[in-house]
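# Summary of the model geometry
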Amino acid sequence: MKLQDEVKYYLSRFGMSKSHMANALDISLQQLSAWTREKLVLPDYHMEKIRKFIDTVKMVDEFLQQNNLVM
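None of the values given here were measured: they were computed from a predicted structure.

## Section: the overall build of the protein chain
- When helices and strands are counted, the protein chain shows 4 helices and 0 strands.
- Moving toward the C terminus, one meets the helices and strands of the protein chain in the order α-α-α-α.
- Relative to the 2.2 N^0.38 estimate, which gives 11 Å for 71 residues, the radius of gyration of the protein chain is 12 Å and therefore close to what a compact globule would have.
- Summarising its shape, the C-alpha atoms of the protein chain cover approximately 40 × 20 × 20 Å along the three principal directions.

## Details of helix 3 (residues 29-36)
- Residues Leu 32, Ser 33, Ala 34, Trp 35 and Thr 36 constitute the buried set of helix 3.
- Buried residues in helix 3 make contact with helix 1 (3-14), helix 2 (18-25) and helix 4 (44-66).
- Phi turns positive, to about 60 degrees, at Glu 38, one or two residues after helix 3.

## Concerning unusual backbone geometry
- In this model, Asp 26 sits at a positive phi of 60 degrees, which is unusual for a non-glycine residue.
- By the secondary structure assignment, Asp 26 is in the loop between helix 2 and helix 3.
- In this structure, Glu 38 is a non-glycine residue whose phi angle is positive, near 60 degrees.
- Mapping Glu 38 onto the fold places it in the loop between helix 3 and helix 4.

Criteria and cut-off values
- Residues numbered from 1 in each chain as written.
- Predicted model: local features only at pLDDT ≥ 70, side-chain atom pairs only at ≥ 80, totals over all residues.
- Heavy atoms only, no water.
- Helix = DSSP H or I, 4+ residues; strand = E, 2+ residues; numbered from the N terminus.
- Rg over C-alpha atoms; globule rule 2.2 N^0.38 Å.
- Buried < 20%, exposed > 50% of the residue type's maximum accessible area, 1.4 Å probe, protein only.
- Contact = heavy atoms within 4.5 Å.

Shown next, in the form of structure tokens:
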């Protein structure tokens, strides 16, 4: 799964807005939105922030599922 698809999936799964994610990662909403639509290539430092964010959300999701706390 491409990273853009993972972002869309986990934002939807946890009911989080792109605006919230952009603020949390200190990335502009316009950049994040364009990137998720594959209209923009982000610099490596933004990509690293996004990867870390998704890795963290995956761990939370796995923990919730393993403990029958599925959202």
